[in-house]
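Observations on the model geometry
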Amino acid sequence: MKKILRTSETHPLTWWLNENEDVVWIQEYKKNGGYCAFEKAIKTIKSEEIINTIKNSGLKGRGGAGFSTGIKWSLVFKNSSSSVRYLLCNADEMEPGTYKDKFLIEKIPHQLIEGMLISALALKVRRSYIFLRGEYIESENILKKAIFEANEYGYLGSNVLKSGLSFEIFLHSGAGRYICGEETALINSLEGKRANPRFKPPFPAMAGLWGKPTCINNVETLSNIPSIISNGSEWYKNLSKSTDSGTKMMGFSGKVKNPGLWELPFGITAREILEDYAGGMKNGLKLKAWQPGGASTDFLTPEHIDLPMSFSSISNAGSRLGTAIAMVVDHTVNMVSLVRNIEEFFSRESCGWCTPCRDGLPWIVSILRSLEKHQGQNNDIKILEQLCHHLGPGKTFCAHAPGAISPLKSAIKHFRSEFESGLSRSSIISVKSIEGIQSNME
Amino acid sequence: MLKETLDNDFILSNEEKTEILNKKNDYEDARASSIEALKIVQKKRGWISKKAIYEIAKILDISASDLEEIATFYSQIFRRPVGRNIIRYCDSVVCYMYDCEKIRHFLENHLNIIIGETTKDLRFTLLPICCLGNCDKAPTIMINDTIFSRVTLKSIVKLLELHK
């Protein structure tokens, strides 16, 4: 298995890690040049310059959607409707199969804080919040201590580094619910409401938290900011092997020999990560399918394993890069059962705001359960396909349902025979084919 | 019976009041501290009773129905008494491939309860949870605030013994 030699020139996110991968607290962080990017920014660089550097760097949001960070920032910056504006760090990581933000928070918390400080400086934000997933207790303790340290060293508070500027970071921990990771649902949750998504437009850059211009960035996105400011946008672009700039936390879990995550350049192939870093499949197991970036991404097959890990190449293959934390499925796993597990998760986590999602997902689960027991009805696969259509992009209020049906739709596409073998023999003989959606709920 | 007793006896302690009022300062609007306030009270009492909703709503100066709306939406807020120890087993996709369903059946049989229930001696409550961000160390369970990695049925028995 490849051992990574981390240097500040090649690994902007993880070169800070010490040998034991213990938390890098402020003394160690500063000793290695931490907070220098922020000090450079506060003394010499103007807001517009910071935003342009980030825009030119080509940094895309690392939460899954991959929107240009620089463009997002300029939308907030240009909005002069209010002098009060907010920065929110989305640390509500809950996508099944994903564990990158937790790693960055728990190992290098000051990198995130420095990234938030530079962002706040660029966007003229005074108050920011880290929306942390409630179950991440260890992350909460580490962040609390890191914020306290940053306060002690004068990076936070009413007179940052005696510059007259004031920045505050508040830690807000959630109380469960996957939907809080959706940016408008996150705002609702932070405001003390049910985490239902909001109608867009207005986008948060126009009217976000308490109606004020708001910028929401993922933990990994913000953690990239300090090194881009230190080393420049061209350097950042050149780290990548693809058209997407920089590096990315990538990994493989499932039945591989060495599950984990590593900072790797965009454009590295999935096979390289699987074989060279994750050590390949466990002995005796064959790769059957894989998800490139979380439970809401479409399944790909072994024939896609040589694809470069980049937004465009994974999208061209019919999936999404998502969080880029991939998961393998081995040949012993039944796809119907696996998809049933994934759909149960999405069904449980639907916020209930819109009907297709609230009613459609339990319906999908119900059909998959009967297929799993080989008690499926003749029309079940057709109904599943129709439900995939009715829960698809543009048919529901937010992206929860389209995300939920991606693994189902792709599993039917690639492994249709497994779904067909879930039909009961007697139903095939005795039930006539009926057109259109028919409920088979108990 | 237990529920009613706890409900009628409910008064916010001074400590809880101070903690909630402090939290209010973090936000532009008091309503935003609802979740924190519920968590502050739940930390000490284990769950949020009907009376607690009214008392917390009063101190936040928001309507009880607004707070009720929050309390019923989020999975970490408990609206009925729970055990002294909360066991959450991760049933997300990677843990699924590492036999989390066997873990669930084992826990249900061992504790003689099903998901969502509390043991008669009030020692354990069993709940599912989605991905704990521990997929490289699956399967995973969380007992109270601690995550345990690569658990086996044997190690779970030992863990249960440690939680009285």
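Above this text you will find the structure in question.
Residues numbered from 1 in each chain as written. Chains lettered and ligands numbered in written order. Predicted model: local features only at pLDDT ≥ 70, side-chain atom pairs only at ≥ 80, totals over all residues. Heavy atoms only, no water.

**Some thoughts on empty space enclosed by the protein**
This is how the line gets drawn: A cavity here means a set of points on a 1 Å grid, drawn over the protein atoms and nothing else, where a 1.4 Å probe fits but cannot get out; a pocket is an open set with protein on both sides within 12 Å along at least five of seven lines, and a residue lines either one if it has an atom within 4 Å of a point. Grid points are joined across faces, edges and corners, and a volume is the space filled by probe spheres set on the points. Residue polarity is assigned by list, with Asp, Glu, Lys and Arg as charged and Ala, Val, Leu, Ile, Met, Phe, Trp, Tyr, Cys and Pro as nonpolar; anything else, Gly included, falls into the polar class. Every helix listed is a DSSP run of H or I at least four residues long, and every strand listed is a run of E at least two residues long, numbered separately from the N terminus.
Per the counting criterion, the structure on display carries 3 cavities of 30 Å³ or more. As a volume, the largest cavity reaches approximately 70 Å³. A:Cys351, A:Cys354, A:Cys357, A:Cys398 and A:His400 are the residues nearest the centre of the largest cavity, which is lined by 13 residues in total. Broken down by class, the residue content of the lining of the largest cavity amounts to 9 nonpolar, 4 polar and no charged. Put simply, the second largest cavity is a space of about 50 Å³. If you trace the second largest cavity, you find it lined by A:Pro96, A:Gly97, B:Cys90, B:Ser92, B:Val93, B:Val94, B:Cys95, B:Cys131, B:Asn134, B:Cys135 and B:Thr140. Among the elements that take part in the lining of the second largest cavity, helix H6 (residues 93–97) of chain B stands out by supplying 3 residues, more than any other.

**Quick notes on the state of the cysteines**
Condition: Disulfides are defined as pairs of cysteine sulfur atoms found within 2.5 Å of each other.
In this structure the tally under the stated criterion is 0 disulfides over all chains. No disulfide involves B:Cys95; its sulfur sits 3.6 Å from that of B:Cys90, the nearest cysteine.

**Concerning the packing of aromatic side chains**
Residues and elements named next belong to chain A. Rules: Put simply, two rings from Phe, Tyr or Trp (the six-membered ring, in Trp's case) pair if the centres are within 6.5 Å, and we call them stacked under 30 degrees between planes, edge-to-face over 60, tilted for the rest. Burial here depends on accessible area, computed with a 1.4 Å probe over protein chains only, as a share of the maximum for the residue type. Under 20% is buried, over 50% is exposed, and the range in between is partly exposed.
All chains considered together, the criterion is met by 21 aromatic pairs over all chains. With a centroid separation of 6.3 Å and an interplanar angle of 45 degrees, the aromatic rings of Tyr86 and Tyr129 are classed as tilted. With Tyr86 in strand E1 (residues 86–91) and Tyr129 in strand E2 (residues 127–132), the pair connects residues that are 43 residues apart, well separated along the chain. Across the pair, exposure class does not vary: Tyr86 and Tyr129 are buried alike. A network of ring pairs unites the aromatic residues Trp15, Trp16, Tyr29, Tyr35, Phe38, Tyr155 and Phe167 as a single cluster.

**A look at the interface of chain A and chain B**
Defined as follows: Contacts are residue-level and defined by heavy atoms, with any inter-residue pair within 4.5 Å sufficient. Two parts placed together each lose some accessible area under a 1.4 Å probe, and the buried area is that loss summed for both. Think of a salt bridge as a Lys or Arg side-chain nitrogen and an Asp or Glu carboxyl oxygen that are within 4 Å of each other. Counting of polar contacts relies on pairs of N or O atoms within 3.5 Å, with two restrictions inside protein: one atom must be capable of donating a hydrogen and the other of accepting it, and residues adjacent in sequence are counted only when both atoms are side-chain atoms.
Facing 58 residues of chain A, the contacting portion of chain B comprises 40 residues. Both sides of the chain A and chain B interface together cover about 3,900 Å² of buried area, and 54% of this is carbon and sulfur. The largest per-residue losses of area from chain A upon contact with chain B belong to A:Glu135, A:Ala175 and A:Arg194, which jointly make up 16% of the total buried on that side. Counting every contact that joins chain A to chain B gives 3 salt bridges. Here A:Lys212 and B:Glu28 are joined by a salt bridge, their closest N and O atoms 3.3 Å apart. Applying the counting rule to chain A against chain B returns 28 residue pairs in polar contact (both at pLDDT 80 or more). Counting only elements with at least two residues in the side of chain A that touches chain B, the list comes to E2, strand E3 (168–173), helix H8 (183–190), strand E8 (325–330) and helix H13 (335–349) of chain A. It is H13(A) that contributes the most residues to the side of chain A that touches chain B, 8 residues altogether.

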